[in-house]
Structures are given as structure tokens and as C-alpha cells.
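Chain residues, written in single-letter form:
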Amino acid sequence: MDLNFEKMNGLIPAIIQDNSTNKVLMLGFMNEEAYRKTMETGKVTFFSRTKNRLWTKGEESGNFLNVVSIKEDCDKDTLLIKVNPAGPVCHTGTDTCWGEENKEDIMFLKELQDFIDKRHEEMPAGSYTTSLFESGINKMAQKVGEEAVETVIEACNGTDERLIYEGADLIYHMIVLLTSKGYRIEDLARELKERHSATWKKH
């Protein structure tokens with residue numbers, strides 16, 4: 001990259017963005033040496049204006065910013081760096097330097113899957129999820145079908161609010177069924193990803 005370090009007296013701002021969630025994690029500054037080290041090591045290195053030296057994010061905490069991609073802006077004086085963070089980014093312990101949680105709502109599906117896995121393992125009495133597992137595959141599959149029908153009804157003749165409600169029920173019961181068969185929601189995501197790569201991009 002032919003970057004313009006002269007505009008800000010040898011420094012350029014580097015916007016750090018999570019590669020998975022697209023959350024902006026922090027803003028730092030790089031000089032040419034910091035940029036080169038970032039490229040060489042694959043870990044984001046800044047020039048610290050307070051310490052007056054190079055500073056690799058995570059060198060003390062272990063919360064490195066592992067580089068996925070680096071892009072320059074149209075003026076060649078700002079970088080957008082997508083990373084996979086190894087832990088909280090802010091020195092205060094928060095996920096971002098703005099105190100935001102670095103999660104999208106879609107990530108809750110994994111938490112729900114983990115919860116249902118635990119229910120399947122422990123089978124606590126009085127739990128609705130436990131009762132589903134105890135009912136057997138046929139009943140669980142039937143419940144998925146019932147929820148699918150209810151989702152279709154709401155889509156065709158119901159309200160948007162009820163559509164979301166019934167759709168959430170459908171996904172929940174689908175995860176329960178998957179779990180009973182030894183699978184997880186990530187297996188569906190993997191199948192969709194493979195289809196996208198192999199077929200859907202052609203359409």
C-alpha cells in the first residue's frame with residue numbers, strides 16, 4: 001500500500017473492526033514501522049503517543065488483535081483493519097472502547113444451543129426442554145411440524161409480531177430435535193455455507 005503518513009505528521013488512524021460481528025472495537029494510530037510490524041506479525045501494532053513507542057495490542061494482557069484484512073481508504077490516509085480479537089479490547093475490560101458488547105443477536109443461537117445441550121445432559125425435572133427429550137423423536141419431530149404450520153399461518157394471515165413469535169418457537173424446537181440426534185445448530189449453518197459456496201453464488 002502507498003499510504004500517506006505525511007498528512008498527520010507521520011501517523012495514520014487505524015479503525016479496528018471485528019471480522020465476525022462488524023463492531024468497531026477501537027481506534028489507534030500507526031506510523032510506518034507499526035504498519036510494517038502489523039503486516040509481518042499478523043497482530044495489530046500501534047504507535048502509542050503516550051508511551052512514544054510501538055505498542056502491540058495485547059502484549060501485556062494477551063488480548064491480541066489477530067489481523068484478517070487491511071484496507072486503505074480513498075485518500076490513503078486511514079486504515080480499516082478487520083480482526084479476530086482474542087479477548088476484551090478496552091483496557092477497562094469491555095469488549096470495545098465504547099463500552100459496547102461485541103455480539104450480534106444472531107450469536108444468541110449458539111448460547112441457546114449450549115443451554116439445550118446442558119438440558120439434554122442433565123435432564124432436570126420440571127423443565128419443558130427435558131419433557132421434550134423424554135417424549136421421544138417422533139413427538140419432537142411432530143412438534144417441529146406443528147410450529148412450522150403455525151409459522152406459515154401467521155405469515156399468511158397473521159401479524160408480523162406473531163410471525164416472529166412462532167418463527168422463534170420453530171427454531172427452538174428445531175434445535176431440540178437436532179440435539180436429540182447428536183447435532184447442533186452450527187451443523188445447519190455449515191450446510192448452508194457449503195451450499196452457498198457450491199451452488200447459490202451461481203444464481
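Values in this document were obtained by computation on a predicted structure and should not be read as measured data.

Regarding the UniProt feature "domain: Phosphoribosyl-AMP cyclohydrolase" (unreviewed entry) in the protein
Sequence positions flagged by UniProt for "domain: Phosphoribosyl-AMP cyclohydrolase" (unreviewed entry) are, in local numbering, residues 26–98. Along residues 26–98, the helical share is 14% and the strand share 38%, with 8 Å between the first and last C-alpha atoms.

So, the packing of helix α3 (residues 128–135) against helix α5 (residues 160–180)
Packing of α3 against α5 brings their axes to within 10 Å, and their N-to-C directions diverge by 50 degrees. Classed by the angle they form, the pair α3 and α5 counts as oblique. Crossing angle aside, the handedness with which α3 passes α5 is right-handed. Side by side, α3 and α5 meet where Y128, T129, L132 and F133 of the first sit next to Y172, H173, V176, T179 and S180 of the second. Within the contact of α3 with α5, the residues separate by chemical class into five nonpolar, four polar and no charged.

Regarding the packing of aromatic side chains
Ring pairs (aromatic) are described by centroid distance and by the angle formed between their planes. This structure, assessed with the given rule, holds two aromatic pairs. Measuring from ring centre to ring centre gives 6.3 Å for Y128 and Y172, while their planes differ by 20 degrees; the resulting arrangement is stacked. Within this pair, whereas Y128 is found in helix α3, its partner Y172 is found in helix α5, the two being separated by 44 residues in sequence. Looking at Y172, the relative accessible area reads 15%, which means it is buried. In this structure, K43 is placed above the aromatic ring of F64, and the distance from its NZ or CZ to the ring centre is 5.3 Å.

What counts as what
- Residues numbered from 1 in each chain as written.
- Predicted model: local features only at pLDDT ≥ 70, side-chain atom pairs only at ≥ 80, totals over all residues.
- Heavy atoms only, no water.
- UniProt positions renumbered as here; feature names shortened; annotations may be inferred.
- Helix = DSSP H or I, 4+ residues; strand = E, 2+ residues; numbered from the N terminus.
- Axes fitted to C-alpha atoms, helices over the stretch in contact; angles between N-to-C directions.
- Parallel < 35°, antiparallel > 145°, perpendicular 65-115°, else oblique.
- Left-handed = near helix turned anticlockwise from the far one by under 90°.
- Contact = heavy atoms within 4.5 Å.
- Nonpolar A, V, L, I, M, F, W, Y, C, P; charged D, E, K, R; others polar.
- Phe/Tyr/Trp six-rings, centres within 6.5 Å; stacked < 30°, edge-to-face > 60°.
- Buried < 20%, exposed > 50% of the residue type's maximum accessible area, 1.4 Å probe, protein only.
- Lys NZ or Arg CZ within 6 Å of the ring centre and 35° of its normal.

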